[in-house]
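Notes for the structure review
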Amino acid sequence: MAKPSQIQGIPASAGVALGEARVVYSWDTLVPERSILPEEVPAEKLKVDLAIEKTIADLTRIRESAGKTLGGATSKIFDAQLLIAGDFQFLQKVKDGISKRLVNAESVYSSLIEESTATLRKSRDPYMRQMQTDIEAVGKKALLHMTGDNPAPERRFPPNTILVAKKLTPAETLHYQELGVAGIVTSEGTAHSHMALIARSLYLPAVVAVERAQNKIRNGVRLIVDGGLGKVFVAPDDALWESYKGRVSPDALANITRLSELKHIPPVTTDGHTVELSANVELPGVRDKALAECGIGVGLYRTEFIYLQSNHFPDEDEQFEYYDNTAAQFAPHKVVMRTFDLGSDKYVEELQPLQESNPALGWRGIRTSLGIPAIFRTQLRAILRASTRGNVRILLPMLTDIDELRRAQRVIKRVMVELRNEGVEFDRRIPLGAMIEVPSAALTAECFARQTSFLAVGTNDLAQYTLAVDRDNNRVANLYRMFHPANLKLIKLTIEAGRKFGKPVSICGEMASDLQAAPLLIGMGATSLSMTPGKLYSAAALISALSYQEMKELADITLAAATLKETENILRQFYEKAKEKAPEAFSEPA
Amino acid sequence: MQTGTVTITNRLGVHARPSAMVVERATSFESEVWLEKEGLKINAKSIMGVMMLAAEQGCELNISTEGPDEQQALAGMTEILGSGFGEIDKAS
């Protein structure tokens, strides 16, 4: 029996997973070289062919299932890998190596893979490094087939398996999630790696940068993964296990099952006030249909994920395919497409000629779009073309000044003229909204409300910029308090501006799905809350159990409070009362 | 044998998608097609080979072709490698 211990890593994807560890070793650690006799050469060469055949079959299958769950363009990640796997010239070199050196197939194969990636490894260009990742991913698969020790068998993993690995590619993350993995622990990686972004969009709890995870964690040992805190508990005692049990993240499927119950809970308060609930969406997914059937639209489509999960910049047709699918899937409900919010925490080294010392205050969001008009225009063309398929809206991120909005509007107008001249159909009255996520925009929200069709408050960034706190920095993360009076005042200003000009104001950061914050935001006058799909059920249950009147009163007292301590106390008390009134909002799905 | 030189112009260099395009073009010729960068010479009909060049923007590649259609092969390879691979141009 292992001794209980606790290891700290970096939180990469929130949520709790309980289960048994399955340690996966990286391909490059265990490839022993073994001499062979000349008569063994044909058998070793055959081993290569068989392994490649299986690898190609694996990749083809993953590509198809990725195409099904995440849409056509995602599956293109695997096209390059298929070409790599079947590279005839390379395989010929492997076979020649076997006859010449008289050693086993896997050692020749791995040394040639190593050689092929040598120059790429030295490159600092992310596109070059991506090729290295692709080659290594293929190499790993083929070697596992050669050695016959396949840690990713065709069958599903037993329920509640927690994968422990050195690092995972986005493709592997997707693959393991399909095989039923409940959580991920890796010894390398950062919270902003593509793997972490994919894990978050799949609601798969993950902790990364857990030093020597593969050595510290034994196969089969019980684990608790707390993705929100970045903690991994190895062989926890029963008391800790039980205390965490109630917090296990429902997996994506459980969320979909629960979504169907949403239909029966309209988000209307006991005194008849309707709140619009909508979903934050990163990539097309199986849940889309279920959401649309419940009358839920998309309050925030984070389009940059299309770029993040692929290894090239998506062209107009590729983007159109995504937007068109999503618009059609959700019609007649709204789909708010936020233009690329690249930069800062989202990898865009290839767009940034300089390493920024302070990316959160750097070239990101609308600044990047206005800075590279070709990319902005391509995206706008794709969105506009998709606009006839459903209820599509455009949202601009990271606005700090009204001039940026005007410049963006001019680009949109030009693109519209272009499309009209080409005879392409689009929604000429497509609503344009401003994302309010910087204090300067919140303070001048009236200007934005006057000139746009709607406002959307991005609470995560707004709080980060208002409080000057980077939540990913463990030393200051405790200073990130969304209920800080200053933050609440800025949100209130934005809502008031919307109300003055008759424009809806939606809240689409994490605050929207926080059960303490939601009643406050509605009481303050937010017309719409947009959140991760897994939280919609709880939000609807809570709203339908409370009255608009009590939420307005809550907002009044909270905004009158002068200190953070006071606001937090008021909200906690309300939360305890709400818990009694709407127990189903706080229960986990069965 | 035919030889020539080409400079990679597109900003992202010969990454995964262009590599596939290069191989596709090279295999359309009967001749042998080789690319060389800083002393590293590879077979252009192998995607692993093309990838391992790590040909970033601005780098020079030597092309050599040998076989029945070596002239067309040289012209074809010069064209595809110098084409920018249909990438969005940042400056436009």
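Presented here is a report on the structure given in the accompanying data block. (Residues numbered from 1 in each chain as written. Chains lettered and ligands numbered in written order. Predicted model: local features only at pLDDT ≥ 70, side-chain atom pairs only at ≥ 80, totals over all residues. Heavy atoms only, no water.)

1. Focus on the pairing of strand E13 (residues 432-436) of chain A
Consecutive side chains of a regular strand alternate in pointing toward one face of the sheet and then the other. Residue and element names in this part refer to chain A. Filter applied, for reference: Three exposure classes are used, based on accessible area relative to the maximum for each residue type with a 1.4 Å probe and protein chains only: buried under 20%, partly exposed in between, and exposed over 50%. Runs of H or I in DSSP of at least four residues are treated as helices and runs of E of at least two as strands, each being numbered from the N terminus. A pair of strands counts as paired when DSSP detects no fewer than two bridges linking them. A crossover gets the label right-handed when its path from the first strand over the helix to the second runs clockwise, viewed with the strands pointing away from the viewer.
Counting buried positions over the five residues of E13 gives five, a clear majority of the element. Burial along E13 is two-sided: Leu-432, Ala-434 and Ile-436 facing one way and Gly-433 and Met-435 facing the other are all buried. Note: strand E12 (residues 391-396) against E13, three bridges, orientation parallel. Its bridge partner being in E13, Leu-396 is matched across the sheet by Ala-434. Running through helix H16 (residues 402-422), the crossover from E12 to the neighbouring parallel element E13 is right-handed. The pairing of E13 with strand E14 (residues 454-457) spans four bridges and is classified as parallel. Among the inter-strand pairings, Met-435 is bridged to a residue of E14, identified as Ala-456.

2. Some words on a positive patch on the surface
Keep this limit in mind: Candidates for patches are residues over 30% relative accessible area with no salt bridge; among them, like charges are joined within 9 Å and nonpolar side chains (Val, Leu, Ile, Met, Phe, Trp, Tyr) within 5 Å. Note on areas: Shrake-Rupley with a 1.4 Å probe; residue coverage comes only from the protein chains shown. For salt bridges, the criterion is a side-chain nitrogen of Lys or Arg within 4 Å of an Asp or Glu carboxyl oxygen. Just so you know, the count uses Lys and Arg for positive and Asp and Glu for negative, and it drops His and the chain ends. In plain terms, the charge of a residue is placed at NZ if it is Lys, CZ if Arg, CG if Asp and CD if Glu.
A grouping of Arg-406, Arg-407, Arg-410 and Arg-414 of chain A is seen on the molecular surface, where their side chains present a positively charged patch. Within the element layout of this structure, Arg-414 of chain A appears in helix H16.

3. What about the nonpolar core?
As a reminder, the rule being used: The term nonpolar core refers to a set of buried residues drawn from Ala, Val, Leu, Ile, Met, Phe, Trp, Tyr and Cys, joined through side-chain atoms within 4.5 Å. The source of the domain bounds is an automatic or database domain assignment. Every residue pair with non-hydrogen atoms within 4.5 Å of one another is taken to be in contact.
Counting 105 residues, the largest nonpolar core has Tyr-323 and Leu-529 of chain A as the members making the most contacts within it. Lining this core are residues from two domains, each supplying at least three of them: domain 3 (251-267 + 447-590) and domain 4 (276-430) of chain A. Leaving out residues up to four positions away in the same chain, Tyr-323 of chain A has contacts with Tyr-301, Thr-303, Ile-306, Met-337, Phe-340, Gln-379, Ala-382, Ile-383 and Ala-386 of chain A. If you look at the next biggest cluster of nonpolar residues, it comprises 60 residues, including Ile-36 and Ala-105 of chain A together with Leu-81 and Phe-85 of chain B.

4. Brief notes about the packing of aromatic side chains
All names here are of chain A. Spelled out, the test is: Pairing of aromatic rings covers Phe, Tyr and Trp, the last through its six-membered ring, and needs centres within 6.5 Å; plane angles under 30 degrees mean stacked, over 60 mean edge-to-face, and all others mean tilted. For a Lys NZ or an Arg CZ to count as sitting over a ring, it must be within 6 Å of the ring centre and within 35 degrees of the ring normal.
Summed over the entire model, instances satisfying the criterion amount to three aromatic pairs over all chains. Taking 5.7 Å as the distance between ring centres and 80° as the angle between the ring planes, the aromatic pair formed by Phe-90 and Tyr-109 counts as edge-to-face. One end of the pair, Phe-90, is in helix H3 (residues 88-101); the other, Tyr-109, is in helix H4 (residues 105-122), with 19 residues separating them in the sequence. For the pair shown, Phe-90 and Tyr-109 are each scored as buried. Ring geometry for Phe-233 against Tyr-244: centres 5.5 Å apart, planes inclined by 50°, an arrangement best described as tilted. A residue pair is termed long-range when its members are at least 10 positions apart, and Phe-233 in strand E8 (residues 231-234) and Tyr-244 in helix H9 (residues 238-245) qualify at 11 residues. Accessibility assignment for this pair places Phe-233 and Tyr-244 in one class, buried. Geometry around Trp-241 places Arg-222 over its ring, the cationic atom sitting 4.1 Å from the centre.

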